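Now for the letters of each chain:
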Amino acid sequence: VCHEFILFKYGYTHLSAGDLLRDERKRPGSQYGELIENYIKEGEIVPVEITISLLKRAMDQTMAANSQKNKFLIDGFPRNEDNLQGWNKTMDGKADVSFVLFFDCDNEICIGRCLERGKSSGRSDDNRESLEKRIHTYLQSTKPIIDLYERMGKVRKVDASKSVDEVFEKVVHIFDKEG
Ligand code: C5P
Ligand code: MG
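Description of the structure in this document. (Residues numbered from 1 in each chain as written. Chains lettered and ligands numbered in written order. Predicted model: local features only at pLDDT ≥ 70, side-chain atom pairs only at ≥ 80, totals over all residues. Heavy atoms only, no water.)

1. Focus on the pattern of salt bridges
Alright, step 1. Under the counting rule described, the total for this entry stands at 18 salt bridges.
Alright, step 2. When the shortest N-O distance is used, the salt bridge between Arg117 and Asp126 registers 2.8 Å.
Alright, step 3. Of the residues examined, Arg117 reaches a relative accessible area of 33% and is grouped as partly exposed.
Alright, step 4. Note that Asp159 and Lys162 form a salt bridge whose closest N and O atoms lie 3.4 Å from each other. (Salt bridge = Lys/Arg side-chain N within 4 Å of Asp/Glu carboxyl O. Buried < 20%, exposed > 50% of the residue type's maximum accessible area, 1.4 Å probe, protein only.)

Spelled out as structure tokens, the structure:
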């Protein structure tokens, strides 16, 4: 698919914090399964100790399999101050953040898209109640982190209310510039 192509072209490995948490949730015997499910349903951010260990392990495994693969697009992270502190603590001197892709989109459009996705996703947070909680978390905890990266000149903003093709074109443009 398209977004995988652009990542492949520039040598990025896509790691989604949400996907890693959902995988851990369903792993038989996981001691965090129930905790993760509760956070996800409530639209809250899982304590970073869990998320960063999943991310770090995925990054280490990727680089161990192929040492050239040292560029990552980390999707959905950091989502709050705790995430950011956990990243800084674990990745200090190990990883550089080149830029932050910010898909800016009106709350109601986001909710509408996720409700549409909910018809087939099976996700326990693709319902209006969870989505409104997620918007609350976004405004309260995530937006300030984006603002912080903005002040460091690291944010590349895309108007994500546009069509898939238009959004993709903007993202390609950003990767073409940043490499
Ligand atoms: O990004 P995604 O839609 O997959 O995130 C789904 C949920 O996973 C979030 O609402 C949150 O509960 C959890 N999550 C988290 N910490 C992150 C990313 C996702 O707790 N950094
Ligand atoms: Mg995601």
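2. With respect to the site of ligand 1
Alright, step 1. If you check the shell around ligand 1, you find 16 residues, and the closest are Arg22, Glu44, Val46, Gly76 and Arg79.
Alright, step 2. One of the backbone nitrogen or oxygen atoms of Val46 is found 2.7 Å away from an oxygen atom of ligand 1.
Alright, step 3. Contact distances for ligand 1 include 3.0 Å between a nitrogen atom and a side-chain N or O atom of Asn83.
Alright, step 4. Here ligand 1 has 450 Å² of accessible area as a free molecule, and 95% of this is covered by the chains.
Alright, step 5. By residue class, the composition of the shell around ligand 1 is seven nonpolar, three polar and six charged. (Near = heavy atom within 4 Å. Polar contact = N/O pair within 3.5 Å; in protein donor to acceptor, adjacent residues only side chain to side chain. Areas by Shrake-Rupley, 256 points an atom, 1.4 Å probe, with all protein chains shown as cover. Nonpolar A, V, L, I, M, F, W, Y, C, P; charged D, E, K, R; others polar.)

3. Description of the packing of aromatic side chains
In this description, a pair of aromatic rings is defined by centroid distance and the angle of the planes.
Alright, step 1. Per the counting criterion, the structure on display carries four aromatic pairs.
Alright, step 2. The interplanar angle of 55 degrees and the centroid separation of 6.1 Å between the aromatic rings of Phe77 and Trp87 together place this pair among those described as tilted. Residue Phe77 is found in the loop between strand E2 (71-75) and helix H5 (81-91), and its partner Trp87 is found in helix H5; the two are separated by 10 residues along the sequence. Trp87 carries the same exposure label as Phe77, and that label is buried.
Alright, step 3. Consider the rings of Phe99 and Phe175, whose centres lie 5.7 Å apart with planes at 75 degrees: the pair is edge-to-face. (Phe/Tyr/Trp six-rings, centres within 6.5 Å; stacked < 30°, edge-to-face > 60°. Helix = DSSP H or I, 4+ residues; strand = E, 2+ residues; numbered from the N terminus.)

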